[in-house]
Amino acid sequence: MSRTEAPPLPDPLRVPVADSHTHLDMQDGTVEEALARAAAVNVTTVVQVGCDVPGSHWAAETAAAHTAVHASVALHPNEAPRIVHGDPGGTARQGARGPGGKAALDEALAEIDALAALDHVRAVGETGLDFFRTGPEGVAAQEESFRAHIEIAKRHGKALVIHDRDAHADVLRVLADAGAPERTVFHCYSGDAEMARICAAAGYFMSFAGNVTFKNAQPLRDALAVAPTGLVLVETDAPFLTPAPYRGRPNAPYLIPVTLRAMAAVKGLEEDALAAAVYDNTARAFDF
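Everything numeric here is computed off the predicted structure, so don't read it as measured data.

Conventions we followed
In every chain, residue numbers begin from 1 and rise along the written sequence. It should be noted that, the model being predicted, local features are given only for residues of pLDDT at least 70 and side-chain atom pairs only at 80 or more, the latter also being counted only at that level, while totals for whole chains, interfaces and linings use all residues. With hydrogens and water stripped out, all remaining heavy atoms of the structure feed into the side-chain values. Each residue's exposure class comes from its accessible area (1.4 Å probe, protein chains only) as a fraction of the maximum for that residue type: buried when under 20%, exposed when over 50%, partly exposed otherwise. Numbering of helices and strands runs from the N terminus, with a helix taken as a DSSP run of H or I at least four residues long and a strand as a DSSP run of E at least two residues long. Two strands pair under a simple rule: DSSP has to find at least two bridges between them. Crossovers are marked right-handed if the path from the first strand over the helix to the second runs clockwise, as seen with the strands pointing away from the viewer. Residue contacts are defined here by distance: any two heavy atoms, one from each residue, within 4.5 Å place the two residues in contact.

**Some details on the pairing of strand E7 (residues 205–208)**
Along any regular strand, the residues point their side chains to alternate faces of the sheet.
Here is step 1 of the chain: A two-sided burial pattern is seen for E7, the buried positions comprising Phe205 and Ser207 on one face and Met206 and Phe208 on the other.
Here is step 2 of the chain: In the sheet, strand E6 (residues 184–186) pairs with E7 via two bridges, with the strands oriented parallel. Looking at the pairing, Phe186 lines up with Met206 of E7.
Here is step 3 of the chain: Here E7 runs beside strand E8 (residues 232–234); their pairing, made up of three bridges, is parallel. Its bridge partner lying in E8, Met206 is registered against Val232.
Here is step 4 of the chain: In this region the chain leaves E7, passes through helix H8 (residues 218–226) and returns to the parallel neighbour E8; the handedness of that crossover is right-handed.

Put into C-alpha cells, the structure is as follows:
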C-alpha cells in the first residue's frame, strides 16, 4: 500500500457531523471533490482554516462560494516570527523572505482584522503559541500576534481557534490575562487530563484530531475521557494527522468517521449520540 495513496471511504455515519478544522488548500483534488467525498460519509460541514494572509483570503473566498464551508482566518503562530524576523531559508509552502519588523506584522494583522469582519468568516485562528519549531527569539512576536488575534476575535464576536504546541501553560496564561473570547476552541487538543479539566472549567471547546487514535496517545485519550461531551469537537487537520490504521497517508474530511468512532469508544457513548453532540457543539462554537 502506497504511503501517498488516499485511504478508502469509511462506512458513513448515520448522523451528520462537522470537521471543525481542515486545510482544503493543502489537499489534493478540488474543493468540490473533497466536499462530495465528505458528504458521502455524512460529514456535511467543514471549517477551512487560514494560516497566513493569502491562505486566509482563500478560506474566506471558499466559504463564500460553498455553503458547506465556514472560514477561519489568522496568522499561524509560526508565521508571526517569519514576518517580523524574516525566514532566509523559506518553507515548502513559502519562499524565503527578509525581516519586516513590527510594521509588517501590524500590516498583516490589519488584513486578518478586515477578513474577520466578513459574515462567512466564523472564527479567528489558528493562532496561539508554538514552541516546537520557533526558538526563543520568536516567542515575543508569537505572543504579540496571539494577543492581537484575541482582540480581533472579541471585536468581531467571532470564535477563537487556538494552536497550542509545547506551550500549554503560556497559552492558558495569555487567555486568562487577555480575556478569552466567549467561544474559544483548542484545535488539535494536545494537553493532558488535568489541562482538560482547566479548559472545561473555563468553557473552552476541545477539538480532537486523528492523533487520538495513535498507540502512543493514551494521555490524549485520558483527556478526552474527562472532557465534557458538550465541549468536544472532532477535526481532521487534514492533510495532517491521519487516524490509525491509515497514519502517514493523506488525510481529508471524509475520514472524520474513523476518528469519531474511536472517540465514541473512549467516551463510552453510542456513535450516533457522539456525532449529534459534536455537530451541535461545532455549530455553537462557530455560530453557524
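**Some details on the side chain of Asn251**
Here is step 1 of the chain: Looking at where Asn251 falls in the secondary structure, it is placed in the loop between E8 and helix H9 (256–267).
Here is step 2 of the chain: A relative accessible area of 3% means that Asn251 is categorised as buried.
Here is step 3 of the chain: Excluding residues that lie within four positions of it along the chain, Asn251 makes contacts with Gln27, Thr236, Ala238, Pro239, Phe240, Leu241, Thr242 and Pro243.

**Topic: the environment of Pro257**
Here is step 1 of the chain: In this fold, Pro257 is placed in helix H9.
Here is step 2 of the chain: Separated by 216 residues in sequence, Pro257 and Val41 place their C-alpha atoms 7.5 Å apart.
Here is step 3 of the chain: Each residue touching Pro257, except ones within four places of it in the same chain, is listed here: Pro10, Asp11, Leu13, Val41 and Val43.

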